[in-house]
Amino acid sequence: MRGVYFNFIFVMFLIVISGCISTNDDLTTNIGGVDLQILEGTPPRAEIYEGQAFNVNLKLINNMPRAVDDISICVYDTPSESIGGIPGKDCKNINLLAAQDYDGKITPEVSELILFPEAGSYVYSGIHNGIKVTNIFTELIYSTQSKSIIYPVCFKRGPEVQTDFQCDLKESFSGRSIESDIAPIIVQRVEKTIVPLGQGSNQIVLDIFLSRDVNGEVVSDFYDGRSLVDVRVTAGNSGSYFECAPAVQSGLIEFKGTSKKITCINQMNLEDNAYQDSIIIDLLYKYKVVQPIKNIQLKEGII
């Protein structure tokens, strides 16, 4: 009897929980940086009838603690303009305020509702001409600067130096030891090596392993549109810059795949025999995301 009672309670619990699950059919990317939220039913996901008015309504979500001032957002479709739909590529320029950072917890900044078209609606006509499917795309392009901070990092002049804190010439950093923005490109791992050169001089070598979200791509307006990232690496207290390679030009690396290893080197005269400091890695780049809604059936006749 007791088992029946507990089974009843468990079933009722599942019913309550299932009632709390959101049925929202918004299409939201989860890339970091600036994300897209395409609202449910705009456009219809399954089918559009001839003569049926439709829109593409969306919001933008800034996950970065910095404002983004040059966002380009466009919508377009695949069928010929001879049957209507979205004329060409319909675009807007948007600015977004920074996400709020309260004691290390990021609250994203969400834009107001963005309407395509600005007024009225899109309509397909002449569907009987043989075009039975449409694909509708939302294209997002923006510039971003993501930051990663590693602390504490040991700096010391040589292996003979004794310290009362953990301080090795070689250190590896990953996971929670790297504080990073929520961005499409992240610093996955950093390997630090200090090479004593004598007379108080040291070479600091950083092998930096970057990873990129599989959705989207790095784009550039320069060097024939190559996928370039401006990498700026500094030692926190001194502000001393590292030189990174391989580079297209000073500071610019090409990032075409989903992962990249770069090596950054700095020859430093250390301030003391041994101390702890930070490494700051800034990545500046332009990012492009195309979010499709595919295989929407086009139906003849007005609903």
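Structure's up top.
Q: Could you give an account of the layout of surface pockets, naming the residues involved and the relevant values?
A: Considered as a void within the structure, the largest pocket measures approximately 260 Å³ in volume. Along its surface, the largest pocket is lined by Asn63, Pro65, Asp101, Gly104, Ile106, Lys147, Ile149, Glu179, Ser180, Asp181 and Ile182. Only β11 (133-156) and β13 (178-180) provide two or more residues apiece to the lining of the largest pocket. For the lining of the largest pocket, the residue count by class is four nonpolar, three polar and four charged. For the second largest pocket, the calculated volume is near 220 Å³. Forming the boundary of the second largest pocket are 14 residues, of which Ser220, Phe222, Leu228, Tyr285 and Lys286 lie nearest the centre.

Q: Explain the sheet that holds strand β14 (residues 185-198) to me, using residue names and the numbers behind them.
A: In spatial order, the strands read β12-β14-β15-β20-β18; together these five strands make up an open sheet with antiparallel pairing. Here the strands that pair on one side only, and so sit at the sheet edges, are β12 (170-174) and β18 (243-245). The sheet shows a mean angle of 20° between the axes of neighbouring strands, direction not considered. Bridge count between β12 and β14: five bridges; the pairing is antiparallel. Counterpart to Lys170 in the pairing with β14 is Thr193.

Q: An account of the state of the cysteines is needed here, citing residue identities and associated values.
A: One pass over the structure, following the stated rule, counts three disulfides. A disulfide bridge connects Cys74 with Cys91, and the sulfur atoms are separated by 2.1 Å. Disulfide Cys74-Cys91: the torsion about the S-S bond is 110°, which places it as right-handed. Linking Cys74 in strand β5 (residues 68-77) with Cys91 in strand β6 (residues 90-96), this pair joins segments that are 17 residues apart in sequence. By relative accessible area, which is 37% here, Cys91 ends up partly exposed. Sequence-ordered numbering of the bonded cysteines in the protein chain gives a disulfide pattern of 1-2, 3-4, 5-6.

Q: Tell me about the nonpolar core, and please be specific about residues and values.
A: Membership of the largest hydrophobic core comes to 64 residues, with the highest contact counts inside it found for Leu60, Ile208 and Val233. Excluding anything up to four places from it in sequence, Val233 contacts Leu206, Ile208, Ser240, Tyr241, Phe242, Cys244, Cys264, Ile279, Ile280 and Ile281.

Q: Account for unusual backbone geometry, with residues named and values stated.
A: A cis amide bond links Tyr151 to the next residue, Pro152, at an omega of 0°. Here Pro152 shows up in strand β11. Look at the link from Ala245 to Pro246: it is a cis peptide, with omega at 0°. With respect to the helices, strands and loops of the structure, Pro246 is situated in the loop between β18 and β19 (252-254). Although it is not a glycine, Asp224 sits at a positive phi angle of roughly 55°.

Q: Break down the pattern of salt bridges for me, citing the residues and quoting the values.
A: Per the counting criterion, the structure on display carries 11 salt bridges. Linking Glu171 and Lys192 is a salt bridge whose minimum nitrogen-to-oxygen distance equals 2.7 Å. In this pair, Glu171 is assigned in strand β12 and Lys192 in strand β14, connecting sequence segments 21 residues apart. Across the pair, Lys192 and Glu171 agree in class, each one buried. Several salt bridges converge on common partners, so that one network encompasses Lys89, Glu139 and Lys288.

Definitions and cut-offs
Residues numbered from 1 in each chain as written. Predicted model: local features only at pLDDT ≥ 70, side-chain atom pairs only at ≥ 80, totals over all residues. Heavy atoms only, no water. 1 Å grid on protein atoms, 1.4 Å probe; cavity = no way out; pocket = protein on both sides within 12 Å on 5 of 7 lines; lining within 4 Å. Points joined across faces, edges and corners; volume = space filled by probe spheres on them. Helix = DSSP H or I, 4+ residues; strand = E, 2+ residues; numbered from the N terminus. Nonpolar A, V, L, I, M, F, W, Y, C, P; charged D, E, K, R; others polar. Pairing = 2+ DSSP bridges. Axes fitted to C-alpha atoms, helices over the stretch in contact; angles between N-to-C directions. Disulfide = S-S within 2.5 Å. Buried < 20%, exposed > 50% of the residue type's maximum accessible area, 1.4 Å probe, protein only. Core = buried A, V, L, I, M, F, W, Y, C linked by side-chain atoms within 4.5 Å. Contact = heavy atoms within 4.5 Å. Salt bridge = Lys/Arg side-chain N within 4 Å of Asp/Glu carboxyl O.

Remember that the coordinates give geometry; whether it matters functionally is a separate question.
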